[in-house]
Amino acid sequence: MENQYFTSDSLHVKNRAFLWGDAVKVSFFIKNGGLIMDEECYFFLMASMRKMRMNIPLTYTLEFFQSLFQKDIIDGKGIKNGIINFQVFRNHDELTLAKSSVSYFYEIVEMEDVLSVHPRALELDLIKEINVNNNLLSNIRVHCPENIYGGIYAQENDLDDVILLNPNKRIARTTSGNLLFLEGNVIKVPKQTEGAYISPLMENFVTFLHKNNLADIQEHEIIAFESQKAEEILMISDEKGIFSVGKIRNKTFETSRFSELVESWEKSFNQ
């Protein structure tokens, strides 16, 4: 099904998102005809806008977004399950950019269940000729040429995605999401200071596992070789969903345990 698109104003070629990538993106999630994790996603949007020194409108309240998505998507389009990729961009209507107004654009990726693991496991590889930064802006979803380069590299080499390293040659993330490495009862997650994305979806998942004593969650600095040591690997992308990793180079991975953990997490939203 083709994605649905919505904007706050008419889109023009002369806008800062198109010309300079002056925008931030945050995902919201619809499950069974209602928003889930909306408060966490909203606060992440506000934090991302503050980091980019955007002028946050007084109308941008949690209730505003709840009403907007309910009216346009859930009621208006009848969409019951999907991901809303919401992008805010800065207009150039003031002398100083920090005082300029903002506009928004969003698309809806409809799917059967945003909290289920996609049926096909991914094939990844590490890419070493580029790396991603690990500063304040590396953790939010802003324009990133490394993602574009990595995506093209993946397509040209018949891969689903690539693992991006930081300047210290440690694992940061993939082009579209974060990686979780399962070894025994331990789930290792790259630290945000390593260049990993802030992800409300992943944070909700690992919080559920921690509270229910289903796994020992540990943030780590993970060298590239450690990807080969894991028993299972999960990729969580706020933008695309949840995926098992089936293969990295010549190493294949199991997928059953992470699938069971995700299923338990998914069921908690139906209680």
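Values in this document were obtained by computation on a predicted structure and should not be read as measured data.

Student: Please explain the overall build of the protein as it appears in this structure.
Tutor: Helix and strand counts for the protein stand at 6 helices and 14 strands. Overall, the C-alpha framework of the protein stretches about 55 × 45 × 35 Å when taken along its three principal axes. When the accessible surface of the protein is totalled, it reaches about 13300 Å², and 49% of it is carbon and sulfur. The average position of the 28 basic charges and that of the 38 acidic charges among the side chains of the protein differ by 5 Å.

Student: It is not clear to me how the sheet that holds strand 2 (residues 23-31) should be interpreted in this structure. Could you clarify?
Tutor: Taken in spatial order, the 5 strands of this open sheet run 1-5-4-2-3, and their pairing is antiparallel. Since the sheet does not close on itself, it has two edges, and those belong to strand 1 (4-7) and strand 3 (34-36), each with one partner. Ignoring strand direction, the axes of neighbouring strands in this sheet form an average angle of 30°. The pairing of strand 4 (residues 82-90) with strand 5 (residues 102-110) spans 9 bridges and is antiparallel. Within strand 5, the residue paired with Ile83 across the bridge is Val109. Contacts from helix 2 (residues 38-51) reach strand 2, strand 3, strand 4 and strand 5 within the one sheet, and its direction differs from that of strand 2 by about 175°. Sitting on the sheet, helix 3 (residues 62-75) is in contact with strand 1, strand 2, strand 3, strand 4 and strand 5, with an inclination near 50° to strand 5.

Student: Quick question: what am I supposed to make of the packing of aromatic side chains here?
Tutor: Each aromatic ring pair is described using two quantities: the centre-to-centre distance and the angle formed by the ring planes. This model, assessed by the stated rule, comprises 17 aromatic pairs. Aromatic pair Tyr42 and Phe65: ring centres 5.9 Å apart, planes at 50°, arrangement tilted. Placement of Tyr42 in helix 2 and of Phe65 in helix 3 is noted, with a sequence separation of 23 residues between them. Each member of the pair, Tyr42 as well as Phe65, carries the same accessibility label: buried. Ring geometry for Tyr104 against Tyr106: centres 6.0 Å apart, planes inclined by 35°, an arrangement best described as tilted. Assessed through its relative accessible area of 0%, Tyr106 is described here as buried. Three or more aromatic residues joined by ring pairs make a cluster, and in this case those are Phe28, Tyr42, Phe43, Tyr60, Phe64, Phe65, Phe69, Phe86, Tyr104 and Tyr106.

Student: How do you make sense of the pairing of strand 6 (residues 122-127) when you look at a structure like this?
Tutor: Each regular strand displays side chains that alternate between the two surfaces of the sheet. Buried residues dominate strand 6, accounting for 5 of its 6 residues. In the sheet, strand 6 pairs with strand 13 (residues 241-248) via 3 bridges, with the strands oriented parallel. Across the sheet, the residue bridging to Glu123 is Lys247, located in strand 13. Summarising the sheet, strand 6 and strand 7 (residues 161-165) pair through 4 bridges and their orientation is parallel. Paired with Asp125 across the strands is Val162, a residue of strand 7. In this view, the connection linking strand 6 to its parallel neighbour strand 7 by way of helix 4 (residues 145-156) has right-handed handedness.

Student: What exactly am I supposed to notice about the side chain of Asp238 here?
Tutor: Within the secondary structure layout, Asp238 lies in the loop between strand 12 (232-237) and strand 13. One buried charged residue, Asp238, forms no salt bridge at all, with the nearest opposite charge on Arg141 at 4.8 Å. A polar contact is formed between the side chain of Asp238 and the side chain of Ser199, at a distance of 2.5 Å. Residues in contact with Asp238, not counting those within four places in the same chain, are Ser27, Phe29, Ile83, Asn85, Arg141, Ser199, Pro200, Leu201 and Met202.

Student: What is the right way to read helix 6 (residues 256-268) from this model?
Tutor: For helix 6, built from 13 residues, the straight-helix expectation of 18 Å at 1.5 Å per residue is met to within 8% by its first-to-last C-alpha distance of 19 Å. Residues Phe258, Leu261, Val262, Trp265 and Glu266 constitute the buried set of helix 6. The arc enclosing the buried residues of helix 6, seen along the axis, measures out at 140°, which places them on a common side. Buried residues in helix 6 make contact with strand 2, strand 9 (178-183), strand 10 (186-190), helix 5 (200-211), strand 12 and strand 13.

Student: How do you make sense of the pattern of salt bridges when you look at a structure like this?
Tutor: Two side chains that carry opposite charge are able to pair once their charged atoms sit near each other. Inspection of the entire model under this criterion finds 14 salt bridges. In this structure, a network of salt bridges that share partners links the residues Arg16, Asp22 and Arg90.

Student: Even after reading the chapter, I still don't get the domain arrangement of the protein, so can you show me in this structure?
Tutor: By a widespread convention, an interface's size corresponds to the accessible area lost as its parts come together. If you check the domain split of the protein, you get domain 1 (4-110) and domain 2 (118-268). The straight-line distance from the C-alpha centre of domain 1 to that of domain 2 is 25 Å. The junction of domain 1 with domain 2 conceals about 1500 Å² of combined surface from both sides, 63% of it contributed by carbon and sulfur atoms. Applying the counting criterion to the domain 1 and domain 2 interface returns 2 salt bridges. Here Glu266 makes a salt bridge to Lys31, at a shortest N to O gap of 2.5 Å. At the junction of domain 1 and domain 2, the tally comes to 7 residue pairs in polar contact (both at pLDDT 80 or more). Looking at the side of domain 1 that touches domain 2 residue by residue, the class counts come to 9 nonpolar, 4 polar and 4 charged.

About the criteria used
Residues numbered from 1 in each chain as written. Predicted model: local features only at pLDDT ≥ 70, side-chain atom pairs only at ≥ 80, totals over all residues. Heavy atoms only, no water. Helix = DSSP H or I, 4+ residues; strand = E, 2+ residues; numbered from the N terminus. Areas by Shrake-Rupley, 256 points an atom, 1.4 Å probe, with all protein chains shown as cover. Lys, Arg positive; Asp, Glu negative; His and termini not counted. Charge placed at Lys NZ, Arg CZ, Asp CG, Glu CD. Pairing = 2+ DSSP bridges. Axes fitted to C-alpha atoms, helices over the stretch in contact; angles between N-to-C directions. Contact = heavy atoms within 4.5 Å. Phe/Tyr/Trp six-rings, centres within 6.5 Å; stacked < 30°, edge-to-face > 60°. Buried < 20%, exposed > 50% of the residue type's maximum accessible area, 1.4 Å probe, protein only. Right-handed = clockwise from strand over helix to strand, strands pointing away. Salt bridge = Lys/Arg side-chain N within 4 Å of Asp/Glu carboxyl O. Polar contact = N/O pair within 3.5 Å; in protein donor to acceptor, adjacent residues only side chain to side chain. Expected span 1.5 Å × (residues − 1). Arc of directions from axis to C-beta. Domains from an automatic or database assignment. Buried area = accessible area lost by both parts, 1.4 Å probe. Nonpolar A, V, L, I, M, F, W, Y, C, P; charged D, E, K, R; others polar.

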